[in-house]
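# Close look at the chain arrangement
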Protein chains: 2
Amino acid sequence: MNDFAVKPPGKITIREVAAAAGVSLQTVSRVINKGPNVSDKARRRVEEAVAALGYSPSIAARRMGGSKSYLLLALNDRDRTIETWQLREGTDWVDQMLLGGMLTCAEHGYRLIFELVDTHSDNIERELAGALAALRPDGVILTPPHSDNATIVRLLDKHGVPCARIGGWEGLGGSLIRMDDLEAAARTVEHLAGHGHRRVAFIAGDPEYRLSEERVAGYRAAVERLGLDRDPELLEQGDFGFESGAAATRRLLALDRPPTAIVASSDQMALAVLAVARERDLMVPDALSVVGFDDTPIARTSVPPLTAVSQPVSAMTACAARLLIEGSDSAALPHIINFELAVRASTGPAPRG
Amino acid sequence: MNDFAVKPPGKITIREVAAAAGVSLQTVSRVINKGPNVSDKARRRVEEAVAALGYSPSIAARRMGGSKSYLLLALNDRDRTIETWQLREGTDWVDQMLLGGMLTCAEHGYRLIFELVDTHSDNIERELAGALAALRPDGVILTPPHSDNATIVRLLDKHGVPCARIGGWEGLGGSLIRMDDLEAAARTVEHLAGHGHRRVAFIAGDPEYRLSEERVAGYRAAVERLGLDRDPELLEQGDFGFESGAAATRRLLALDRPPTAIVASSDQMALAVLAVARERDLMVPDALSVVGFDDTPIARTSVPPLTAVSQPVSAMTACAARLLIEGSDSAALPHIINFELAVRASTGPAPRG
DNA sequence: CTGAAAGCGCTAACAA
DNA sequence: TTGTTAGCGCTTTCAG
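Note that the structure is a prediction, hence the values are computed from the model and not measured.

## Topic: the protein's contact with DNA strand D
- Taken together, 26 residues surround DNA strand D, and among them I14, Q26 and Y55 of chain A together with R30 and S39 of chain B come closest.
- Considering the 4 Å shell around the protein, atoms of DNA strand D inside it are sugar or phosphate in 59% of instances.
- For DNA strand D, a phosphate oxygen lies 3.3 Å from a polar atom in the backbone of S58 of chain A.
- Contacts to DNA strand D include S67 of chain A, whose side-chain N or O atom sits 3.2 Å from a phosphate oxygen.
- Listed by contribution, the elements that provide at least two residues to the surface near DNA strand D are α2 (25-32) and α4 (59-65) of chain A together with α2 (25-32) and α4 (59-65) of chain B.
- Counting residues per element, the surface near DNA strand D draws most heavily on α4 of chain A, which supplies four residues.
- A class-by-class count of the residues in the surface near DNA strand D yields nine nonpolar, 14 polar and three charged.

## Some points on the confidence of the model for chain A
- In the predicted model, chain A carries a mean pLDDT of 93, and the fraction of residues at 70 or more is 96%.
- In the predicted structure, residues 1-7 of chain A sits below a pLDDT of 50 and forms six contacts with residues beyond four places in sequence or in another chain.

## Quick word on the pairing of strand β6 (residues 200-204) of chain A
Residues and elements named next belong to chain A.
- With five of five residues buried, β6 lies mostly within the body of the structure.
- By the alternation rule, side chains of β6 split into V200, F202 and A204 and A201 and I203, which are all buried.
- Pairing of β6 with strand β8 (residues 261-264) involves four bridges; the strand directions are parallel. The residue of β8 that forms the bridge with V200 is A261.
- Of the pairings in the sheet, the one linking β6 to strand β7 (residues 235-237) comprises three bridges and is parallel in character.

## Overview of the protein's contact with DNA strand C
- Taken together, 26 residues sit near DNA strand C, with R30 and S39 of chain A together with I14, Q26 and Y55 of chain B positioned nearest.
- Among the atoms of DNA strand C lying within 4 Å of the protein, the sugar-phosphate backbone contributes 56%.
- In this structure, S29 of chain B approaches DNA strand C through a side-chain N or O atom, which is 2.7 Å from a phosphate oxygen.
- At a separation of 3.2 Å, a phosphate oxygen of DNA strand C approaches a polar side-chain atom of R62 of chain B.
- Mapped onto the surface near DNA strand C, the elements with two or more residues apiece are α2 and α4 of chain A together with α2 and α4 of chain B.
- Tallying contributions element by element places α4 of chain B first for the surface near DNA strand C, with four residues.

## Description of the interface of chain A and chain B
- If you look at the interface, chain A gives 50 residues, while chain B gives 51 residues.
- Summing both sides of the interface, chain A and chain B together bury roughly 4400 Å²; the carbon and sulfur share of this comes to 60%.
- Area buried by chain A at its contact with chain B is led by W85, R88 and R111 of chain A, which between them contribute 18% of it.
- At the junction of chain A with chain B, the criterion picks out four salt bridges.
- E115 of chain B serves as the salt-bridge partner of R111 of chain A, at 2.6 Å between the closest nitrogen and oxygen.
- Remark: the boundary between chain A and chain B carries 16 residue pairs in polar contact (both at pLDDT 80 or more).
- At the level of elements, α4, α5 (78-87), α6 (93-107), β2 (111-117), α7 (124-135) and α13 (298-301) of chain A are the ones that each hand at least two residues to the side of chain A that touches chain B.
- The dominant element in the side of chain A that touches chain B, judged by the number of residues it contributes, is α6 of chain A, at seven residues.

## Some words on unusual backbone geometry
- Each neighbour pair has its own omega, and for V284 of chain B with P285 of chain B the value is 10°, a cis peptide bond.
- In this fold, P285 of chain B is placed in the loop between α12 (267-279) and β9 (289-294).
- Omega for the bond connecting V303 of chain B with P304 of chain B falls within 30 degrees of zero, at -5°, which places this linkage in the cis form.
- Structurally, P304 of chain B is set in the loop between α13 (298-301) and β10 (307-310).
- Even without a glycine there, the phi angle at N37 of chain A is positive, about 65°.
- By the element assignment, N37 of chain A lies in the loop between α2 and α3 (40-53).
- For R88 of chain A, which is not glycine, the phi torsion reads 55° and is therefore positive.
- By the element assignment, R88 of chain A lies in the loop between α5 and α6.

## Focus on the sheet that holds β2 of chain A
Residues and elements named next belong to chain A.
- What the six strands build is an open sheet, ordered β2-β1-β3-β4-β5-β11; its pairing is parallel. The sheet is open, and its two borders are formed by β2 and β11 (335-337), each paired with just one other strand. Direction aside, the axes of adjacent strands within the sheet are offset by 20° on average.
- Sheet topology places strand β1 (residues 71-77) next to β2; seven bridges connect them, and they run parallel. Its bridge partner being in β2, L75 is matched across the sheet by E115.
- The strands that α5 touches are β1 and β2; relative to β2, the one it contacts most, it runs at about 100°.
- Running over the sheet, helix α14 (residues 313-326) touches β1, β3 (139-142), β4 (163-166), β5 (175-179) and β11 and is turned about 165° from β5.

## So, the relation of the copies chain A and chain B
- Taken as rigid bodies, chain A and chain B are interconverted by a rotation of 180° and an axial shift of 0.1 Å, the fit giving an RMSD of 0.1 Å. With respect to symmetry, the two chain copies, as superposed, fit the operation of a two-fold axis. Nearest to the rotation axis, the C-alpha of A60 of chain A is located 2.1 Å from it, this being the minimum over chain A.
- A share of 100% of interface residues in chain A that are also interface residues in chain B marks the association as one of identical surfaces.

## Structural notes on the state of the cysteines
- All told, the structure shown has zero disulfides over all chains when counted by the stated rule.
- Its sulfur unpaired, C319 of chain A is 13 Å from the next cysteine sulfur, which belongs to C105 of chain A.

## Some points on the packing of aromatic side chains
- Overall, the coordinates contain eight aromatic pairs over all chains when judged by the stated rule.
- A centroid spacing of 6.1 Å and a plane angle of 40° characterise the contact between W85 of chain B and F114 of chain B, whose relative ring orientation is tilted. You can see W85 of chain B sitting in helix α5 (residues 78-87) and its partner F114 of chain B sitting in strand β2 (residues 111-117), a full 29 residues away along the chain.
- A relative accessible area of 3% places W85 of chain B in the buried class.
- According to the relative accessible area criterion, F114 of chain B is buried, its value standing at 7%.
- The positively charged end of R62 of chain A is found above the aromatic ring belonging to Y70 of chain A, 3.9 Å away from the centroid.

## Concerning α5 of chain B
All names here are of chain B.
- Inspection of α5 places T81, I82 and W85 among the buried residues, and these make up the whole buried set. Angular distribution of buried residues about the axis of α5 spans 95°; they occupy a single face of the element.
- Regarding α5, its N-cap is D77, as a side-chain oxygen of that residue lies 3.2 Å from the backbone nitrogen of D79 further along.
- Where α5 ends, the next residue or the one after it, R88, has phi of about 55°, a positive value.

Calculation rules
Residues numbered from 1 in each chain as written. Chains lettered and ligands numbered in written order. Predicted model: local features only at pLDDT ≥ 70, side-chain atom pairs only at ≥ 80, totals over all residues. Heavy atoms only, no water. Near = heavy atom within 4 Å. Polar contact = N/O pair within 3.5 Å; in protein donor to acceptor, adjacent residues only side chain to side chain. Helix = DSSP H or I, 4+ residues; strand = E, 2+ residues; numbered from the N terminus. Nonpolar A, V, L, I, M, F, W, Y, C, P; charged D, E, K, R; others polar. pLDDT = per-residue confidence, 0-100. Contact = heavy atoms within 4.5 Å. Buried < 20%, exposed > 50% of the residue type's maximum accessible area, 1.4 Å probe, protein only. Pairing = 2+ DSSP bridges. Buried area = accessible area lost by both parts, 1.4 Å probe. Salt bridge = Lys/Arg side-chain N within 4 Å of Asp/Glu carboxyl O. Axes fitted to C-alpha atoms, helices over the stretch in contact; angles between N-to-C directions. Least-squares fit on C-alpha atoms with pLDDT ≥ 70 in both. Disulfide = S-S within 2.5 Å. Phe/Tyr/Trp six-rings, centres within 6.5 Å; stacked < 30°, edge-to-face > 60°. Lys NZ or Arg CZ within 6 Å of the ring centre and 35° of its normal. Arc of directions from axis to C-beta.

This is the structure in structure tokens:
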């Protein structure tokens, strides 16, 4: 019976464990880090001591001594994120990121730190460099629109911090994780065409996001391929927000030959389509079918519930974390995560012409 | 012209700053920590060097040397949180916590780490102790139902880590931050009584949460005070979830003299009331008024939008962080944060008897 | 396979 | 008002 167990908790260091196991500090360190060159006997004794003392290595000390910090940084745009939080529109992008990111990190003994940085500020370099210097993370997860921000990616590279870019495109370093936005947009059009729609409109998202143009491309390709009406007036520009969706819808419905279906590049814009339709007593889906993008919680509770493309945010973040932790050669192909089209009551057969 | 500026970034330590400013490490440390006994001249030179080099102290090293980690830990129940994230019902409790917590931390040079722990597990002590040992946070923020968990609070105390308990009650240590749930429930009843309702029902929440009984007490007190019908059948037990709310509503509507208004202790249960009412072609609010609790995003987009009590989650978390960072005597009174009753279309005049 | 020594970047305690 | 010294708990060398 030793007296280590009665030591004040939280004060148990590798030293106590080594003493309890009757080995050197190094051996304990090796066991903890699953390093080689440890006899089974020594390993077992150390593991027992660790369990008995409830030892857990200090992440700060590990960072100090070694080269790893066991920290991953998830970077989001400060203004946009705060605005989203304050608006309380039910967007759960951050929650889904945490879900995928935290669980994956935990599985590997890592920790995810969620951080906001100001993209548009001139001192973005200073701000990001500060966070890197303070935390020294082993990797950084970037989300749109940061993912394609050359300043950020290059700064990360300069600091030697690997990054995984969710929704990012080729042309910059780091691992790429995204869904097939082009294919997703095409799928929505196919779904509608399958219901007999021939005049399908599309409300594009904020052009600052690369995925906006991908979706437009997918829409165009599908319209072309399926031989639907390819009237340029059916393509409207939005910015992901409700107001822009409402305005675009009004323009679309004012056309000589208005669309029988509208695909919006965000749920908020799709909700706006629904609102404008209700305002004009246009029944959805009888007179107008509506499809959204993202499949946020709001999509399930809207009236009617929204058919929408599910963005696999959690899975993408989990993938990003895994790549960063396990290391991946940066020249690898992008990791494409499957999306889903959640079909709900906002889409139906085209009205009879 | 010195050559510090061209050093590889991220490798700038207090040593570089000291050299650039021509002072000792200690002086730099004092300036960074706003310590006393530094001449204005030295301070200015150090600040200039810090700015010029883009220096930012390593949080790991600060933790190692000193007594502070500049880290605050926000602890949530693992299972419940993950389930909430996966359900995607639009609950933004976590987001609001981050909003209040991260911003307040950032203002003070701290960082918030969001962490999940398994409450119901037997090895909760091991798990929590592990997180404390690994991170060594300067304080911990507890949320319901952890806030009143004696095991957790005592363990924290044993480790000497201050805690701030959101939605916590007296009887255990740490700072207390909460809203007045009793008063909030009473306010909902007053609101309904003001509309002429005399039979107001209440669906209670999960009894594992202390606030559930507070709300019941508030409901009872208001019913008493306002002289409304205080039929015990009007009080139903729920568990915050949709299904429990639906079941309770069915029982309430099956009464000989059903209520003309129902207050539910969560938005999800209130949504269930709405759903059951629609199922029976009971118009809301004409035939039945409904009030929810929490005011999650869903409350605004439901049909009709829900009158609900807004929980000031962000403000409570900000307060908790502030108390932890600035230090507060633990014997202080609880900090009561104001709630609001968001009045929307789900409540209206009582139907004429 | 194992252990001893050095040092990561910082702050506390001490001296000057 | 300053500078010096010794660690914090760990991992990395490098010797055994």
